[in-house]
Amino acid sequence: MGIRGLMSFVEDHSNEFFTDLKLRDTKLIIDGYALFHRLCFSSNLELRYGGDYDCFTDVVQKFFESLLACNICPYVVLDGGCDISDKKLTTLKDRAREKIQMAHSLSVGGGGYVCPLLIREVFIQVLIKLQICFVQCFSEADRDIMTLANHWNCPVLSSDSDFCIFDLKFGFCPMNSFQWRNVSIIKGTQNYYIPAKCFSLVAFCHHFGNMNKGVLPLFAVLCGNDHVNLPIIETFVSKVCLPHKAASSKGRRHHRVLGILNWLSHFANPTEALDNVLKHLPRKDREKVKELLCRSMEEYQPSQVKLQDFFQDGTYVCQEALNLCLPQWVLEALAKGQLSPFISDALVLRRTIFHTQVENMQQPNAHRISQPIRQVIYGLLLNASSQAENMAKNAVPPQPLAFSEVERINKNIKTSIVNAAELPKDFSDLNKLTTLSLVRRQMLLLETLKVKQTILEPIPASLKLPIAVSCYWLQHTETRAKLHHLQALLLGMLEGPLYAIIHSPGNKKPAAPRQAQCLDAQ
């Protein structure tokens, strides 16, 4: 995530670029993706056996308890699906390959960092339980986070170096120096605070000869972020910005960052800097490169999405999503985290990229067994954007009833084409799906899982779905399930409800929403 080498560079200059904060009595906009990864990887959780979700839940709860103790009001913003332009596809595939290598290392007893498959879902469950306000953006969240933080005049918590580039009024607090486990008290008071550091964009620009902060988006693009990877840019940077091969005093990893920043610091504004970049390129390439660079620099401008409206009255308006003419109930469910980014990727791009988990790399990946279920989901999604297609100015041949799935094959990735299932006519319009009776929708679910209703009749309501899914799993020969596998599965289903009963605190009055409790200073 972010700009290669920038975060370690600014942290190496911590005394110059950061100010110490005693964070309390404020709203805090939290990069949800960065937070659940940080909590997962920095809490000594077991990563090799499918997910230590109980311990992860405890860590997340303690994190937010620390914030609330300091009267910090958290608003969590999660990334959604991939950008409709699909400009990061190459980057996403590269990351998928890296995760496969780390998952393999973990599977044979080595090191690595791979989130368990359900970590995001568990994180959202905890947010709901604690009544923490959160939103899932339609695509990437960075610009929306920046815009909301500036609207509310509060800091951002993240580990993404892109926030060193955004013009944030109240700064950016890196996860690495956010000491939530070390809540402190102001002497002589009953007021608690969290020690933190805040990145100063003013100090950063001052260090480079009072550089115009408007030039920083161009720096991000030239240095290398997730959006641009052009050989011609690499040639320019190596010849013009990095004329000397000798590494800087802080090491080779920062040579590129320093070289580009020093070169850009000579220009008064972004236009002058961009013109000087283009002067060093062949004439035939200038217009194309200029268009690409300008489009990429726009990623650091404020967003048109007003997340404050969502947090205040539940209204989420994203023009990008509206242009696709997707059903309103789908957009609302995505914003509330009730549907995963898998759905928006399938709807918008007709492609999904599966997360890797720690498993035997010689065997088929764990996602394979659920392919028939996904085919039914794809069938439901097929007609979601038919209105948008009908509105297209130029008629195009109808798209095939198929979706692309980027999945692990051994220790590499492969794109497979999967056909959508043909469904009964009453499921042919996604707009009307929620108007169908609950009984009719349950019938489709059980037909998909190949489970008869009579089998589930004696099962308690809370266990019907887990049992149905277990029946689906056992019907697939590739699982090769033994009796002890089934016994372990059933024990796991019972353990949670039993634990809840044993540790039930009794009948308590429902607590007021956490957001109402935690902040008067708004």
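Along every chain, residues carry numbers that run from 1 in the direction the sequence is written. Under the rules for a predicted model, residues below a pLDDT of 70 receive no local features and side-chain atom pairs below 80 are neither given nor counted, while totals for whole chains, interfaces and linings still include all residues. Side-chain numbers come from the whole structure's heavy atoms, not from hydrogens or water.

Participant: Can you help me understand the overall build of the protein chain in this one?
Facilitator: Broken down by element type, the protein chain carries 24 helices and 11 strands. When accessible area is computed with a 1.4 Å probe and restricted to protein chains, residues below 20% of their type maximum are described as buried, those above 50% as exposed, and intermediate ones as partly exposed. Residue burial in the protein chain is summarised as follows: out of 522 residues, 47% are buried. Across the protein chain, contacts joining residues at least 24 apart in sequence account for 72% of those joining residues at least 6 apart. Per-residue accessibility takes into account occlusion by the displayed protein chains alone, with areas from the Shrake-Rupley method and a 1.4 Å probe. A total of about 27,500 Å² of accessible surface is found on the protein chain, and carbon and sulfur atoms cover 54% of it. Helical segments are the DSSP runs of H or I of at least four residues, strand segments are the runs of E of at least two, and each set is numbered from the N terminus. Whether two residues are in contact is decided by their heavy atoms, any of which lying within 4.5 Å being enough.

Participant: Just to check I follow, could you spell out empty space enclosed by the protein for this structure?
Facilitator: Rolling a probe over the atoms, with the probe sized like a water molecule, indicates the empty space that remains. Only protein atoms enter the calculation, which uses a 1 Å grid: trapped sets of points that fit a 1.4 Å probe without letting it out are cavities, open sets showing protein on both sides within 12 Å along at least five of seven lines are pockets, and any residue with an atom within 4 Å of a point is a lining residue. Grid points are joined across faces, edges and corners, and a volume is the space filled by probe spheres set on the points. In this structure the tally under the stated criterion is 5 cavities of 30 Å³ or more. Of the voids in this model, the largest cavity is the one considered here, and its volume is about 100 Å³. For the largest cavity, the lining is made up of 15 residues, of which F354, H355, T356, E407 and R408 are closest to its centre. Mapped by element, the contributors of at least two residues to the lining of the largest cavity are α5 (89–107) and β10 (402–409). Here the lining of the largest cavity gets 3 residues from one element, more than from any other, and that element is β10.

Participant: Looking at this structure, I do not really get the packing of helix α20 (residues 438–449) against helix α22 (residues 461–474). What am I missing?
Facilitator: A pair of packed helices is characterised by two quantities: the angle between their axes and the separation of those axes. At their nearest, the axes of α20 and α22 sit 9 Å apart, and the two run at 30° to each other. Considering their axes alone, α20 and α22 lie roughly parallel with respect to each other. In this structure, α20 contributes L445, L446, T448 and L449 to the contact, and α22 contributes L465, A468, V469 and Y472. Put simply, Ala, Val, Leu, Ile, Met, Phe, Trp, Tyr, Cys and Pro go in the nonpolar bin, Asp, Glu, Lys and Arg in the charged bin, and everything else, Gly too, in the polar bin. In terms of residue class, the contact of α20 with α22 is made up of 7 nonpolar, 1 polar and no charged. Axis geometry follows a simple rule: fit a line to the C-alpha atoms, using only the stretch in contact for helices, then measure angles between N-to-C directions, giving values from 0 to 180 degrees. Here the angle decides the label: under 35 degrees means roughly parallel, over 145 means roughly antiparallel, 65 to 115 means roughly perpendicular, and every other value means oblique.

Participant: Please clarify how the pattern of salt bridges should be interpreted in this entry.
Facilitator: As a working rule, side chains carrying opposite charge can pair if their charged atoms are close by. For this document, the term salt bridge refers to a Lys or Arg side-chain nitrogen within 4 Å of an Asp or Glu carboxyl oxygen. Counted by the stated rule, this structure contains 12 salt bridges. Across the salt bridge formed by D25 and R24, the nearest N and O atoms sit 2.1 Å from each other. A relative accessible area of 29% places D25 in the partly exposed class. Between R368 and E407 there is a salt bridge, with its nearest N and O atoms 2.8 Å apart. On the criterion of sequence distance, the pair formed by R368 in the loop between β9 (351–353) and α18 (371–381) and E407 in strand β10 is long-range, its members being 39 residues apart. According to the relative accessible area criterion, E407 is buried, its value standing at 1%.

Participant: Whenever I open this one, the environment of R4 confuses me. Can you help?
Facilitator: Residue position: R4 is located in the segment before α1 (6–12). Overall, the relative accessible area of 48% leaves R4 in the partly exposed class. On a C-alpha basis, the gap between R4 and V257 in space is 8.3 Å, while along the polypeptide they are 253 residues apart.

Participant: Before we go on, may I ask you to explain the confidence of the model for the protein chain in this structure?
Facilitator: Close inspection of predicted coordinates is inappropriate in any region flagged by low pLDDT. Counting all residues, the mean pLDDT for the protein chain is 88, and 90% of those residues have values of 70 or more. The predictor attaches a confidence to each residue, and that confidence, scored 0 to 100, is pLDDT. Segment residues 386–397 is flagged for pLDDT under 50; beyond a separation of four residues in sequence, or across chains, it makes 7 contacts in the model. Confidence over residues 509–514 falls short of pLDDT 50; this stretch has 9 contacts with residues more than four positions distant or in other chains.

Participant: Sorry if this is basic, but what is going on with the layout of surface pockets here?
Facilitator: In this model, the second largest pocket occupies a volume close to 570 Å³. Around the second largest pocket sit 27 residues that line it, and S139, R143, D144, S303 and E320 are the ones nearest its centre. Elements with a minimum of two residues in the lining of the second largest pocket: α7 (142–152) and α15 (319–322). Here the element with the most residues in the lining of the second largest pocket is α7; it accounts for 3 residues.

Participant: It is not clear to me how the sheet that holds β9 should be interpreted in this structure. Could you clarify?
Facilitator: Strand pairing in a sheet is mediated by backbone hydrogen bonds. Such pairs are either parallel or antiparallel. In this scheme, strands are said to pair when DSSP sees at least two bridges between them. The strand order across the open sheet formed by 3 strands is β9-β10-β11, and the pairing between neighbours is mixed. Each of the sheet's edge strands pairs with one partner strand only, and the pair in question is β9 and β11 (412–419). Strand-to-strand twist of the sheet, defined as the mean angle between neighbouring strand axes without regard to direction, takes the value 20°. Bridge count between β10 and β11: 8 bridges; the pairing is antiparallel. Bridged to V406 within β11 is T415. Here α5 sits on the sheet and contacts β9, β10 and β11; the angle it forms with β11, its principal contact strand, is near 115°.

Participant: What am I meant to see in unusual backbone geometry here?
Facilitator: A negative phi angle characterises most non-glycine residues, just as the trans form characterises most peptide bonds. The phi dihedral of D25 falls on the positive side, at around 50°, and the residue is not glycine. Examined against the element boundaries, D25 turns out to sit in the loop between β1 (18–23) and β2 (26–31). Positive phi, close to 55°, is recorded for N410, a residue that is not glycine.

Participant: What is the right way to look at the packing of aromatic side chains in this model?
Facilitator: Here the distance between the centres and the angle between the planes together describe a pair of aromatic rings. Two rings from Phe, Tyr or Trp (for Trp, the six-membered ring) form a pair when their centres are within 6.5 Å of each other. A pair whose planes differ by under 30 degrees is stacked, one over 60 is edge-to-face, and the rest are tilted. Across all of its chains, the model carries 23 aromatic pairs by this definition. Taken together, a centroid distance of 6.1 Å and an interplanar angle of 35° make the contact between W152 and F311 tilted. Of this pair, W152 sits in helix α7 while F311 sits in helix α14 (residues 307–313), and the two are 159 residues apart along the sequence. Classification of F311 by relative accessible area gives buried; the value is 15%. Between the aromatic rings of F166 and Y300, the centroid separation amounts to 5.4 Å while the plane-to-plane angle is 50°, which identifies the pairing as tilted. Remark: Y300 occurs in the loop between α13 (283–297) and α14 and F166 occurs in the loop between β5 (156–158) and β6 (172–174); sequence separation between them is 134 residues. Exposure class is identical for F166 and Y300. Each is buried. An aromatic cluster of at least three residues, connected via ring pairs, comprises F9, F17, F18, F199, F204 and F208. Remark: a charge is flagged as sitting over a ring if the NZ atom of Lys or the CZ atom of Arg is within 6 Å of the ring centre and within 35 degrees of the ring normal. One residue, K27, lies across the ring of W152, its end atom 3.9 Å from the ring centre. Positioned above the aromatic ring of F403, the side-chain terminus of R350 is 5.6 Å from the ring centre.

Participant: Even after reading the chapter, I still don't get the nonpolar core, so can you show me in this structure?
Facilitator: Most often, soluble globular proteins have nonpolar side chains that are buried together. For our purposes a nonpolar core is just a set of buried Ala, Val, Leu, Ile, Met, Phe, Trp, Tyr and Cys residues, chained together by side-chain atoms within 4.5 Å. The biggest cluster of nonpolar side chains holds 94 residues, and the ones touching the most others in it are F219 and L264. If near-sequence neighbours (up to four positions away) are discounted, L264 is found in contact with M211, V215, L218, F219, L222 and A273.

Participant: Just to check I follow, could you spell out the packing of helix α9 (residues 216–223) against α13 for this structure?
Facilitator: Orientation of α9 relative to α13, taken along the N-to-C sense of each, is 115°, at an axis distance of 9 Å. Crossing geometry of α9 relative to α13 is assigned as right-handed. Residue-level contacts link P217, L218 and V221 of α9 to L293, S296 and M297 of α13. Class assignment for the residues of the contact of α9 with α13 results in 5 nonpolar, 1 polar and no charged. Each crossing gets its handedness from the near helix: less than a right angle anticlockwise from the far helix is left-handed, clockwise is right-handed.

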